Structures are given as C-alpha cells and as structure tokens.
Amino acid sequence: MKITETIDIRFPKTLAEALRLQAGEKTRGQLLAGGTDLMVQWASGAPTPERATSIWNLPELDAIEIFDDFIEVGAGVTHAFLRDAAPIHRHLPALVAAAATIGAAQIQARGTLGGNAANASPAGDTAPALLVSGGSVLLASRSGTRTVPLDRFWTAYRRIDAQPDEIIVAFRLPRKGSARERFRKIGTRRAQAISKVMAASRIRIVKGRVTSAAIALGSIAPTPVRLSAVESLLVGQKLTPALIDEAEQLAQATVQPIDDIRSSADYRRWASGRLVRDALENL
Amino acid sequence: MTKPQSPPRRLIGQGMMRVDGDGKVRGTTRYLNDLAYRGLLHGAVVRSPVPRGLLKGITPDPDYDWSGITFVTAADIPGINVVHMHDRTMPLLAELGGEIRYRGEPVGVVAARTPERAAAAAAHIRLDIEVLPPLLTLQEAVAVFKARPGAFDSMKDQSIVKGDLARGFAEADDVLEAEYWAGHQEQLYLENQGLIVFPQKDGSILVEGSIQCPYFPVHELNDPLQLPPEKIRVRQTPIGGAFGGKEDYPTMLTGYAALPALKSGRPVKITYERNEDILFTPKRHPVWVRYKTGFKKDGTLTAIECDFLLDGGAYLTLSDVVMFRGILHCALAYRCDNVTIRGRVARTNSMPCGAFRGFGAPQAIWGLESHLDAIAARLGKPPHLYRLQVHARPGDVTPTGQVLSGENGSTACLKLALQRADFARKLKRCSRGRLRRGQAKWYGIGLAFFGHGAAFTGDGEAKFKAKGRVELTRLADGRPGIDIRVSSTEMGQGVHTVFTQIAADALSLDPGRIRFPLADTGLTPNSGPTVASRTTMVVGNVVHRAALDLKRQIESFASRRHFKGAAVELRRSQLVAPGRPPLPFARVARDMLAELGGASGFFQFELPPETKWDQQAFVGDSYPGYSWSANIAEIEIDPLTCEIDVKRVTAVLDIGRVINPVTASGQVEGGLTQALGYALLEKIGTGRNGLYDAARLQTYIIPTARDIPEFDVQFVEYPYTFAPPGAKGLGELPMDGLAPAIANAVEAATGRRIRTLPITPEAIFAALHPAQGAPAS
Ligand SMILES: Cc1cc2nc3c(=O)[nH]c(=O)nc-3n(C[C@H](O)[C@H](O)[C@H](O)COP(=O)(O)OP(=O)(O)OC[C@H]3O[C@@H](n4cnc5c(N)ncnc54)[C@H](O)[C@@H]3O)c2cc1C
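Here the focus is the overall build of chain B. Check the secondary structure of chain B and you find 21 helices and 28 strands. Taken against the 2.2 N^0.38 rule, which gives 28 Å for 777 residues, the C-alpha radius of gyration of chain B at 27 Å falls within 12% of a compact globule. Once the C-alpha set of chain B is aligned to its principal axes, its extents read approximately 85 × 80 × 50 Å. Relative to its 777 residues, chain B shows a buried fraction of 64%. When contacts within chain B are restricted to residue pairs at least 6 apart in sequence, long-range pairs at least 24 apart make up 80% of them. Carbon and sulfur atoms make up 51% of the accessible area of chain B, which amounts to about 27600 Å² in all. A distance of 5 Å separates the average location of the 91 positive side-chain charges in chain B from that of its 81 negative side-chain charges.

Written out as structure tokens, the structure is:
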C-alpha cells in the first residue's frame, strides 16, 4: 500500500509553538518525531492523519542533562545519540545498551527515545531499561506540565498515560549509583530484530546482600512489566546459586506470555527466567 | 564430435570486474519501475478471499464509478482458460462456476489510470463463493498419506529403483528410519515482480519486465491468449534478483496484464508491493521426507528407501520437475546397490509452489545429510570418516544407473574441506550438551557433502538444443564490436561478465568491445531459461562455440580480402599471417561490416550421442555433469537462551572450470547466506484463512549482514571437458547443503537432532525440554 493521502505537516520551531498546535481538538495533528514507527504504520495501511506536527529537532526535547541524582534525557534524543553519549554510559548502562540494539545504524540515527516510549509497543526495547531506573516521564501541554512515574506510564496494550494534547518532554532517570545494570535482548536475528523477550535489571548489593532490585521484561505481556515478585524474593538475600535458581523459576511461573509470529509462549516463559538468571549471574 | 582448439586463455580464470557493475553501483541501471511510459493503465488482481470454494458470482459494485476502468474475468479470455505449464490444468483466472483452490487465486483483473484507483476498484468486485473445506498444509497432506494412502491426492508420482530393496534390507545388520521436514521459503528478490504488456496494432503483444525466462510467456500463453509464439514478444528489463522466483510466475503475471491490455487496447502494467509479492507468488516447496536405511556393521549401505513428498500447492505448474530433481538427489552422493525412492507432489489449497534456487535438491539433501550423520552416530563412526568411506566417486553408479566419470571431484571436495576446517580435531571439542572447561557456549561442528546435477534433468538438454549467436556489429560508438545473443538473463549472478570473458577469449578480443544486450525474444535465439545451474555450463559452451564460428568467418574474410588467401589468425585483436604485418581487428571488421553488412557465429548445443535417458523408468544419465561440494558449519549455541551463532562456514566446491573466481565466490557466499536463512530464520506458516502468516519483511526474517558468518570458500576444478570452457553448475549448489551441515553441528553442540527447518532457538529449547515445549513444527 502506498501513502497517497496528503498529510499537512507543520514544523514548529519551539516547544511552546508545538504545544499550541497540539492544543486545539480540531486542528491537533499527530506528533511526528523520527517517524520510524509512524511512517511504517502509515505505509502499511493505518489511517493517515490529516495533519502532523513535527517535533524533530525541537531544541527543548534534544538535550541530555546530568544532575546529581538523575539524568534528564530529552524525548527527542535519538538512539544513536544515547549510544554514543559517553558521559551517561556509567549512569544508565542498561538504557544505552538497549538503544544500541534498536534496528541498526540508520534507525538509531532517526528513532527517538520519546517515540519508542510513546509508541508503546510491548517490544519497545528501551522500555524495560527505563522501568528499572525507577524514573518518571515529564509531560507538557498548554495547560502545564506533569510527571508520571514510568511504572504507571504504560497502562495497557499500546496505551500510555498521556492526553492527546500532551507532549513527552523528557525522562527523568535516577542514576544507578553503586547498583549494577544489565540489558539483554533475544531478537529474531542479530540486527533489525524485534525482540522475542528482553530484560533489563538494576540491582544493588551491599555487603553481599541485595538491598534493592528492579527487573523488567518486555515482549512477554501487553505492556513492559516489572517482575515485582522476583524483586521481593531477592531483596535482603545473599545471591546464592539456590536463590538464583529460585528467582529463575519464579520468573517463569509469574509471566504469562503468548504465542505469536516471532516466538512461542513456552519459549518466552522459559527465556524470561533465563534472562533473570543472566542478570543475577553477571552482577 | 571433434573438440575445437582452445585459444590461449586470458580472461577465463580471472576475476574480471562485473560488466554490469558500474550502473548497478551508481544506481543508473533502469529497472522496470524506473521507466516512465505515457498512457499506461495499472492492473490490480482481484483475488479469492477463501482457500477453497465454488465461484458462484462475480459482481462489480453497481454503486461504484467504473468509468475509465477495465475489468476482466475468465469470460474475457480469448482462448482456452489455461496456463500451459506442465499439465495444462491451471486456469489463468478462476472460472465462474468452477472451484477456487487457493487463497488469493486470481478471479479477475482491474486496470485503471493509477495503481490506487485500480486497487480501490478491485475492492469493489463482489465475489459470491460457496466455501468448501480446504486442505491447507503439507502436515495435513502427510497425515492423510500416512493414515489413508488411498485418499492422498498426488499430482505426480515418480519412482527410482536400483537393485533389490528387500535383499538390501535382508543383508543389513541394522536399520534406521527417520522423517525430516522443511517449510516454505520465499525468494525475496530485492525488486518485486512486475511487467508491462503493450498491445500492438497487429493484435500481438509486447511484454517488458523483470522476467528470468523470457521465452516462457512466449510458449505458455498461446492457448489462453490465442496468440502464436511469434505474436508474444518478451523484452527483459534489468532484473533486481530472481532466485527462481521470476521463472514460472511472470508467465502468470503476463496473462493477468495481457487480458485488460487486449480488452482496453492500452498498455497495462502490474507491479506488486512487497506484501502482495510475499503473499501471492510461488515459494520453495515444503517437504516431508522419510528415509529408511539398511547398513552393515562395517558401515556399508545395503538399502536406501525414501519417500519424498513435496507440497505442490493447488496446481502442478512445474512441481513435477522439482520433484524429479529432488528424488534424483535423495541418494545421489553415496554408494548403495539397492535403492528405492518414491516421489510425490501433494495437492494442497495453497499458492502453487515454484522454482527456487536448488529446485528440490536442497529439500532432498536436507534429509539425506541429516540422516547420514544419524547413521554414522548409530555406527559409532565419526561423520567425516563415514562419508569418506561411503561417498560416491568416479566409477560409482548412481541410483539411475549413471556411471560417474573421472570429471567428478567429490573426493577432493570432501578432503579439502575437512582439512581446511580442521574437522577431525574440532569434532572432539564439540559440547554435546555439556559445557567443557572454559566454554561459555556449546560448540558444534557439522558436515554436509553432496552433488548437484548440472543442467536440465535427463534428456532435457538433448531435446532442447540451446541456440545462440555471437555477432559482429557496430557498437554505440560507431566502431565494430561483438554482440552476444543468448536468452540467458543477468539477475545478479554475473552471466553478462562470464559470457563476456568466454567470448573475449574465444575471439581473442578485448572484452571492452563485447556487448551483451538484454534478452528480447524478437531478436535473441532461444538458449533456454536461466535456470538449473545450466547457464555457464551449457549456454557458456554455446557462446564459446558461436564465438569460434564467428572468429573463423572473420579470419577467412581477412584471408580473402586482406591477406591474399594466406592462413590468418585473429589473435589479441589483430589478424596475423606469417611473414606479413598484422592488421588490427577494427580495420578488418569495418571492411567486413561494409561489405557483408555483418557476420554471425551460431551454435546449437547437443549432448554427447552416447547419452541415454529413459524418462518413464527414470533410468540412465540423469544429468550431463555433476558439481560437488562439502560444507562445514561451526556454531555456538548459548545454553542460556538457545540462540544459535554460526561462526564459520567452510565450503569447497567442484564447479568444473571456474570462469571468474570473484563472481563465483560471491555466488557461493550469497547462496550460503540464503541457505543459512533457510536453516535458521526463514519461517512462514499458513493461517486457517489460507493466508501466509509472515507477509512483510518485519515478520519474514532473512539474514542481515550481522548474521553472516566468516566464510572460507575454495574451488577444486574438474572441468566438464565435453563443453569447453568446461564449467559445471554453480548457481544452486551453495543453497543445497548448509542447512543439514548446521543441523549436524546443532546435534554436535547439544546432543539433540532437529528434524524440522528452520532450526530456531524455540526448536532447540523444545528438543532440550520435551516436557515444557511442544515440538515446533
Ligand atoms: C527497520 C526498523 C527497525 C526497528 N527496530 C526496532 C528495535 O529493534 N527495537 C525497538 O524498540 N524499536 C524498533 N523500531 C521502532 C522504532 O524505530 C522505535 O520505536 C523508535 O524509537 C521510534 O521513535 P521515532 O522518533 O521514530 O517515533 P515516531 O515514529 O516519530 O513516533 C512514534 C509514536 O510516538 C509518538 N511520539 C513520538 N514522540 C513523542 C513525544 N515526544 N511525545 C508524545 N508522543 C510522541 C508519535 O506520535 C507516534 O505515535 C524499528 C523500526 C524500524 C522501521
């Protein structure tokens, strides 16, 4: 199918202008960041909008700022920028690793973190890494700004807690500090691959005991999910081989993945536990 | 037949640059969709929404605006509603009152000023169909075959019998039986299917498009279009990949476009978008193959019994010949006195399967090479030593009774591959499901060994008699040069380059003066379709001989006209005679063009007169020659996730004389990559609605550059001396054996044998955890 309808794309210069364009119910357009999800959706027959608002290159969305406790990553930051932004690697290594697995170089150069999050695909690779940071999303509209914790942001299959007139401005992500992070993706192949299962984790160990644990999986449920049962199992414990076995099995018992074209429910369930093991064995 | 004297070789054996490379690299080559025409109509095919049913009515929506739109159904077919193919059973368009046999079967064609308008109009054709229960997949067909053989619907049966199977099993100390499966594979050429049909004033048609076998539409549509071959002219546009996918299908597409073109009197173009191309064009045949083999304690194979079943889809099209090639490879590579192979083509309610690189051989070799490893394991013999013991070599007799000549480098391939990959030593390091010290991943190495019959099966080449010309002409720069006129098509494999090398060497001319115009059935003699790994071997010989014919004509003209009857030789672009100053070719050629208007060398291919083939019994010389290869795959499997990483592939090939080692290696690496996809990634299923489940590049997974292993590609040369310059088949060989080599490596790595392709992490997981995962099918 070809895109034959004309789409009126507006190119605001500032966030304020973009927010103004998004405010009117009748004139509001679809937000267009890198377009790497949208263009594909439009080309494969999804109804094309009459209007779109390009937020590509909006200066307010493009920065990464390092604060004492957290990093603020603009929604317009591309995966390539994240991948190459050396100063944040030690603070958010799981997110950086996730960004580096997205598509391949071309898609990384164009796809944005905001787009990945807002597209809300269960297979969005950055989502588990965002989740384990324990951070939040900054949303702006003409009527003001608000913050949504990431673990409440993805509400249902392809749904996010954001109104049509809201724009994701940035992600406020606590630095990992002394915790360890890991990201691992099982894709359909070695590049340009959609995830069958992927996992991100942030685990802190003090004096041999787990003091905090965040583990998140993607592609195994309608939304990215935290494995809270596994996390509570771990906290306060010493990471013995027996505990790791238990965590693996608990993860497998907790998740309820489905069969689809990319993988089987059985494999996904098993692999979910395996990725938990991988996270715990590689601290 | 006397062999012609070969001129001193200059280009053959060298990695000459691709003659078509510049345009393709710079993007100046103009493919079908780069060509603009005025007044075109665009066609859209109206398809059946169900896989089986009775077509009761076709009604254009009365409320839709049909102005400017041409709509055709079977009622508009001037002649008989049938595409010839191999059995004249497939209608060009489903007949009103007739049975629809696959989802997407064409019912009509709409043509309009724009593709969008055509697609919209096509959606306004209402079909009244009485739905019937379909049989969709090979799995269902095999279930019928096993439970109620009498009810099994086979479109073609063929057996090969050698010796006495019962005696063979009686002599055996042990018997091993197993079944192997593989699914569809999509060719996934870069350029989708497309062509334009231009109706001509005299009622004939001109077809332009991405067509691998330009003479097929000429000979396959005479009945439906009521046009004799000379009134269907086909001109090839540059082809952006084909792999067999543009062998049979463009004939059907020509039919679809011709009907509205003839009805409207205007040219009609049909090109597919990727979705339509994946969903509704032919693929590699799914296979089920069952081997039952008897062998002695010392390993001697005493009996091979094989059932080879292909899913042909709804109509036979060319599946009989695919099955023939399959069964001819089911026991080709090993010594055994008692062989029975039974081939069948199952009918299912799915898109007819078609040609794809390998043409039945990869399916056969997938089963045989997996099974041979299993026999070796049962015998407790290392797989390579077992193959060295029982592989076929010169003097051996194939299942059809053909004696392998000395021009078969089977042993050399096997030995060199084992040596280069250091197979014997690495075999000992294989994990077999247990991590050794220092290993983080399971390691496995696997071998496959196989032959590939080159050129048409049986007496195909003898009957076909490939024809070609090499002509003296004036090139675009006004100076004399050479035109190669054969119908072989360049589709990325390098035939233009290789034939230029052959002609340049035969004529002893600069390759820069040689041109290879795209095939045009109005101008190009029929050297046959570009299929069956026959082109360099058979048509290369035609070019070589036609070029020598032209060379003799140029020499005798020069002798008469410039050298007073002295013996003259064309050598290095000069005409030379003893004791006289040489004359440049250009000078003599100009005189020849002025006086004679041109000159043309001609050759028609024939097989050696002693070739024997009985098509009924399948006995005799099943192929003019055989190429051979050994593939070795080294893999790692992550025990954590069952992900498979192919690290290194060694391929040694005997393809006869290697004309261009660079393009040949490129073919091999490309084919191995395609085989890697077949082995590990490419999976397409059928939903209950009869539609493939992977209809886009997002879901049909082929290897990317990152999935490609390190390759070690080597050639050993055992030329086919009957047909200088002595090439054998290359195109299909690299597709044949990597899947079983990988399966054998997976077995070595995990201790589990996977008998269904593709071998996904899910399949390995299921094999390792039989309780948790149902075996992936
Ligand atoms: C070939 C290919 C490979 C891919 N591989 C991967 C992969 O490996 N992993 C993966 O996760 N994804 C992959 N993707 C999907 C896609 O590239 C990513 O999801 C990317 O991050 C989307 O970002 P974008 O800026 O292009 O989004 P767009 O397409 O511009 O937008 C996507 C959605 O988000 C909304 N949106 C964008 N920005 C904002 C904002 N600031 N506020 C509110 N809403 C917003 C848009 O309105 C739209 O609904 C791939 C895509 C392609 C084409």
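Now that the structure has been shown, the text picks up again.
This paragraph deals with the sheet that holds strand β26 (residues 625–637) of chain B. All names here are of chain B. With respect to topology, four strands assemble into an open sheet ordered β16-β26-β27-β28, the strand pairing being mixed. A strand with exactly one partner marks an edge of an open sheet, and here the two such strands are β16 (442–454) and β28 (710–715). Taking each pair of neighbouring strands and ignoring which way they run, the sheet shows an average axis angle of 15 degrees. Bridge count between β16 and β26: 13 bridges; the pairing is antiparallel. Bridging across to β26, Gly 451 finds its partner in Trp 628. Helix-sheet contacts for helix α18 (residues 661–681) involve β26, β27 (644–654) and β28, and the interaxial angle to β28 is about 130 degrees.

All names here are of chain B. Overall, mixed pairing links the seven strands, which are arranged β3-β5-β1-β12-β9-β10-β11 in an open sheet. In the strand order of this sheet, the two ends are held by β3 (70–73) and β11 (232–236), each with one partner. On average, adjacent strands in this sheet sit at an angle of 25 degrees to one another, irrespective of strand direction. Pairing analysis gives two bridges linking strand β1 (residues 41–47) to strand β12 (residues 268–271), with the strands arranged parallel. Its bridge partner lying in β12, Leu 41 is registered against Val 268. Contacts between helix α2 (residues 115–122) and the sheet are confined to β1 and β5 (106–112), with β1 contributing the most and set at about 25 degrees to the helix. Lying over the sheet, helix α7 (residues 249–264) contacts β1, β3, β5, β9 (194–199), β10 (205–209) and β12, oriented at roughly 35 degrees with respect to β9.

Attention now goes to the site of the ligand. Residues and elements named next belong to chain A. Taken together, 31 residues form the shell around the ligand, and within it Leu 31, Thr 36, Asp 37, His 79 and Thr 112 come nearest. Within the contact set of the ligand, an oxygen atom lies 2.8 Å away from a backbone nitrogen or oxygen of Ala 33. Asp 37 places a polar side-chain atom, nitrogen or oxygen, 2.6 Å from an oxygen atom of the ligand. Expressed as a share of its isolated accessible area of 980 Å², the protein-covered part of the ligand is 86%. At five residues, helix α7 (residues 113–119) tops the list of elements feeding residues into the shell around the ligand.

Residues and elements named next belong to chain B. Compared with an ideal rise of 1.5 Å per residue, which puts 12 residues at 16 Å, helix α17 (residues 585–596) spans 16 Å between its outermost C-alpha atoms and is within 8% of the ideal. Taken together, the buried positions of α17 are occupied by Phe 585, Val 588, Ala 589, Asp 591, Met 592 and Leu 593. Once α17 ends, the next one or two residues include Gly 597, with phi positive near 80 degrees.

Another aspect to go through is the pairing of β12 of chain B. Bridging between β9 of chain B and β12 of chain B involves four bridges; their strand directions are antiparallel. Across the sheet, Ile 196 of chain B pairs through a bridge with Lys 269 of chain B, a residue of β12 of chain B.

At the junction of the two partners, chain A supplies 27 residues and chain B supplies 28 residues. Of the roughly 2300 Å² buried at the junction of chain A and chain B (both faces included), carbon and sulfur atoms supply 54%. Among the residues of chain A in contact with chain B, Arg 189, Arg 190 and Trp 270 of chain A are the three that bury the most area, contributing 30% of the side total. Across the chain A-chain B interface, the total number found is four salt bridges. For the side of chain A that touches chain B, the secondary structure elements donating two or more residues are β11 (180–187) and α11 (265–281) of chain A. No other element matches α11 of chain A, which puts seven residues into the side of chain A that touches chain B. Across the side of chain A that touches chain B, the residue classes tally to nine nonpolar, seven polar and 11 charged.

The next point concerns the domain arrangement of chain B. Residue and element names in this part refer to chain B. Domain assignment breaks chain B into domain 1 (21–29 + 466–604), domain 2 (35–133 + 188–280) and domain 3 (287–457 + 616–768). Each of domain 1 and domain 3 has a C-alpha centre, and the two are 38 Å apart. At the interface, 16 residues of domain 1 touch 21 residues of domain 3. Summing both sides of the interface, domain 1 and domain 3 together bury roughly 1400 Å²; the carbon and sulfur share of this comes to 67%.

All names here are of chain B. Applying the stated criterion to the full structure yields 24 aromatic pairs over all chains. Aromatic pair Tyr 64 and Trp 66: ring centres 5.1 Å apart, planes at 70 degrees, arrangement edge-to-face. Clustering of aromatic rings is evident, with ring pairs tying together Tyr 334, Phe 449, Tyr 623, Tyr 626 and Trp 628. Above the face of the Phe 356 ring, Arg 284 is positioned so that its terminal group lies 4.1 Å from the ring centre. Directly above the aromatic system of Tyr 678 lies the positively charged group of Arg 284, at a separation of 5.2 Å from the ring centroid.

Residues and elements named next belong to chain B. Taken N-terminus to C-terminus, the directions of helix α10 (residues 361–379) and helix α20 (residues 738–750) make an angle of 30 degrees; their axes are 8 Å apart at the nearest point. Judged on the interaxial angle alone, α20 and α10 are roughly parallel. Between α10 and α20 lies a crossing whose hand is right-handed. Residues Ile 365, Trp 366, Glu 369, Ser 370 and Asp 373 of α10 lie in contact with α20, whose contacting residues are Ala 739, Pro 740, Ala 743 and Asn 744. Grouping the constituent residues of the contact of α10 with α20 by class yields five nonpolar, two polar and two charged.

This next bit is on the domain arrangement of chain A. All names here are of chain A. Taken domain by domain, chain A comprises domain 1 (8–54), domain 2 (59–174) and domain 3 (181–281). One C-alpha centre belongs to domain 1, the other to domain 2; they are set 19 Å apart. Listed as interface residues are 15 residues of domain 1 and, on the opposing side, 18 residues of domain 2. Each partner contributes to the roughly 1300 Å² buried at the junction of domain 1 and domain 2, and carbon and sulfur atoms together form 65% of this total. Per-residue buried area on domain 1 facing domain 2 is highest for Leu 15, Leu 19 and Thr 36; these three make up 38% of the total on that side. The tally of links between domain 1 and domain 2 comes to zero salt bridges. Our count for the contact surface shared by domain 1 and domain 2 stands at four residue pairs in polar contact (both at pLDDT 80 or more). In terms of residue class, the side of domain 1 that touches domain 2 is built from six nonpolar, five polar and four charged.

Conventions we followed
- Residues numbered from 1 in each chain as written.
- Chains lettered and ligands numbered in written order.
- Predicted model: local features only at pLDDT ≥ 70, side-chain atom pairs only at ≥ 80, totals over all residues.
- Heavy atoms only, no water.
- Helix = DSSP H or I, 4+ residues; strand = E, 2+ residues; numbered from the N terminus.
- Rg over C-alpha atoms; globule rule 2.2 N^0.38 Å.
- Buried < 20%, exposed > 50% of the residue type's maximum accessible area, 1.4 Å probe, protein only.
- Contact = heavy atoms within 4.5 Å.
- Areas by Shrake-Rupley, 256 points an atom, 1.4 Å probe, with all protein chains shown as cover.
- Lys, Arg positive; Asp, Glu negative; His and termini not counted.
- Charge placed at Lys NZ, Arg CZ, Asp CG, Glu CD.
- Pairing = 2+ DSSP bridges.
- Axes fitted to C-alpha atoms, helices over the stretch in contact; angles between N-to-C directions.
- Near = heavy atom within 4 Å.
- Polar contact = N/O pair within 3.5 Å; in protein donor to acceptor, adjacent residues only side chain to side chain.
- Expected span 1.5 Å × (residues − 1).
- Buried area = accessible area lost by both parts, 1.4 Å probe.
- Salt bridge = Lys/Arg side-chain N within 4 Å of Asp/Glu carboxyl O.
- Nonpolar A, V, L, I, M, F, W, Y, C, P; charged D, E, K, R; others polar.
- Domains from an automatic or database assignment.
- Phe/Tyr/Trp six-rings, centres within 6.5 Å; stacked < 30°, edge-to-face > 60°.
- Lys NZ or Arg CZ within 6 Å of the ring centre and 35° of its normal.
- Parallel < 35°, antiparallel > 145°, perpendicular 65-115°, else oblique.
- Left-handed = near helix turned anticlockwise from the far one by under 90°.

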